[in-house]
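Commentary on secondary and tertiary structure
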Amino acid sequence: MLPYGRQSIDDSDIEAVVAALGSDWLTTGPRVAQFEKDIEAVAGAPAVTVTNGTTALNTAYAAAGIGPGDEVVVTPMTFVATASGAATLGATVVFADVEDDTANLDPAAVEAAVTSRTRAIGAVDYAGHPADYDALRKISDRVGAVLIGDAAHAIGSTDQGRPVGTLADLTTFSFFPTKNLTTAEGGAVASTRPDLLDRARTYSRIGMVREPGKLRRPDEGGWFYEVHEFGNNYRLPDLLCALGSSQLSRLAEFKAARQRLTARYDELLADVPGLRLPIQRDGVDPMRHLYPVRVLDGRRREVYDRLRAAGIGVQVNYIPVYWHPVFEDLGYRRGMCPVAEAFYAEELSLPLFVDLTDADQDRVVEGLRQILGS
């Protein structure tokens, strides 16, 4: 089966991990600090590492002070964690529709969804294409909400020359194997605001406070620490951070490969009937995590089934979040975000990863031609 996404591991990655295994540090040590510096160099903002993209989102919402009685406006065209990360803190999730061309959160829909209880707005850089943060920023500033960017797909992307980590108040990343770089499991939260980053770091380190200036009882001794607010243990170990730093050193190479493959799909699929190809807005330089096409005329299920039967691992990204029973049981209903639901009904992610060969890509294209040309 040709997968829709997979990691790219070379000898330098293996050597980095082996070196970490032979060191005195397996958990929180010097490689964590180094990886956070490496992320900052790419994201454009200081970062704290966490165990995965889901805990990154939960940490970001916690850093924003989200809790019971608060409303968080998010996109439904995402993995469930973008919403559940706020819901598990007691917030009410409000879904706003997406743009038809990018599948990113639609600022006009957000404008209609915000209320006096809105404490955060959560956008997703779908497939690696940054959301319209400039428009979303105007709304978040007006209502006093924290702007959160879920950039799980987008580390390495820029908008008007600005790296994704600088576009929102808090930005989250995922380093799952199918993403743009991997630590096996892992994630990060970046912020240009020191206050929010400090809250994110404390929350993800079990709420522990050690700095003497922050302690209520600073004279207890060098071993002493306090917990002022509940947090979680989301620490990413040195071992995985070693892999992350090695991977980040090849990020430019990864981006070039993904962009070449994306351009090749654009060219080879341009004349295939019944397909709508992804777009790229002016000024955006995306790190393409997915290559999402839209299969028209109600044929998405057929194309999915036939390609999978032929050993081509296409995927669907994503089921509208409020369709999941956990949200349905809370009263959310289908039809809330018609643009997102129309996108879901047609979306199909084609195989896209750094080591995808031209021959494999030709196989995908030929499979689509055989199905849609018949």
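Scroll up to find the structure this text is about.
Since this is a predicted model, take the numbers as computed values, not measurements.

1. A few points about the overall build of the protein chain
The number of helices and strands found in the protein chain is 13 helices and 15 strands. The C-alpha radius of gyration computed for the protein chain amounts to 21 Å, which stays within 12% of the reference 21 Å derived for 374 residues, consistent with globular compactness. Residue burial in the protein chain is summarised as follows: out of 374 residues, 53% are buried. Pairs at least 24 residues apart make up 71% of the contacts formed inside the protein chain by residues separated by at least 6 positions. Carbon and sulfur atoms make up 53% of the accessible area of the protein chain, which totals about 15500 Å². Counting 37 positive and 51 negative side-chain charges, the protein chain places the averaged centre of each group 2 Å from the other.

2. Description of the sheet that holds strand 9 (residues 187-191)
The strand order 1-9-8-5-4-2-3 describes an open sheet built from seven strands, whose pairing is mixed. Of all strands in the sheet, those bounded by a partner on one side alone are strand 1 (47-50) and strand 3 (92-95). If you compare each strand with its neighbour and ignore which way they point, the axes differ by 20 degrees on average. Pairing of strand 1 with strand 9 involves four bridges; the strand directions are antiparallel. Paired with Val50 across the bridge in strand 9 is Gly187. Each of strand 4 (118-124) and strand 5 (146-150) is contacted by helix 6 (residues 133-143), which is oriented at about 150 degrees to strand 5, the strand it contacts most.

3. Some points on the side chain of Ser349
Within the secondary structure, Ser349 sits in strand 15 (residues 347-350). A relative accessible area of 0% means that Ser349 is categorised as buried. A distance of 2.6 Å separates a polar atom in the side chain of Ser349 from a polar atom in the side chain of Asn317. With sequence-adjacent residues up to four places away left out, Ser349 is seen in contact with Tyr4, Leu290, Tyr291, Pro292, Val314, Gln315 and Asn317.

4. Focus on the pattern of salt bridges
Within this structure, the stated rule accounts for 30 salt bridges. Ionic pairing is found between Glu99 and Arg281, a salt bridge with its closest N-O pair at 3.3 Å. With Glu99 in the loop between strand 3 and helix 5 (107-113) and Arg281 in the loop between strand 12 (275-276) and strand 13 (284-285), this residue pair connects regions lying 182 residues apart in the sequence. Each member of the salt-bridge network shares a partner with another, and the members are Asp10, Asp13, Arg250 and Glu253.

So, how was this worked out
- Residues numbered from 1 in each chain as written.
- Predicted model: local features only at pLDDT ≥ 70, side-chain atom pairs only at ≥ 80, totals over all residues.
- Heavy atoms only, no water.
- Helix = DSSP H or I, 4+ residues; strand = E, 2+ residues; numbered from the N terminus.
- Rg over C-alpha atoms; globule rule 2.2 N^0.38 Å.
- Buried < 20%, exposed > 50% of the residue type's maximum accessible area, 1.4 Å probe, protein only.
- Contact = heavy atoms within 4.5 Å.
- Areas by Shrake-Rupley, 256 points an atom, 1.4 Å probe, with all protein chains shown as cover.
- Lys, Arg positive; Asp, Glu negative; His and termini not counted.
- Charge placed at Lys NZ, Arg CZ, Asp CG, Glu CD.
- Pairing = 2+ DSSP bridges.
- Axes fitted to C-alpha atoms, helices over the stretch in contact; angles between N-to-C directions.
- Polar contact = N/O pair within 3.5 Å; in protein donor to acceptor, adjacent residues only side chain to side chain.
- Salt bridge = Lys/Arg side-chain N within 4 Å of Asp/Glu carboxyl O.

So yeah, pure geometry; function would need other evidence.
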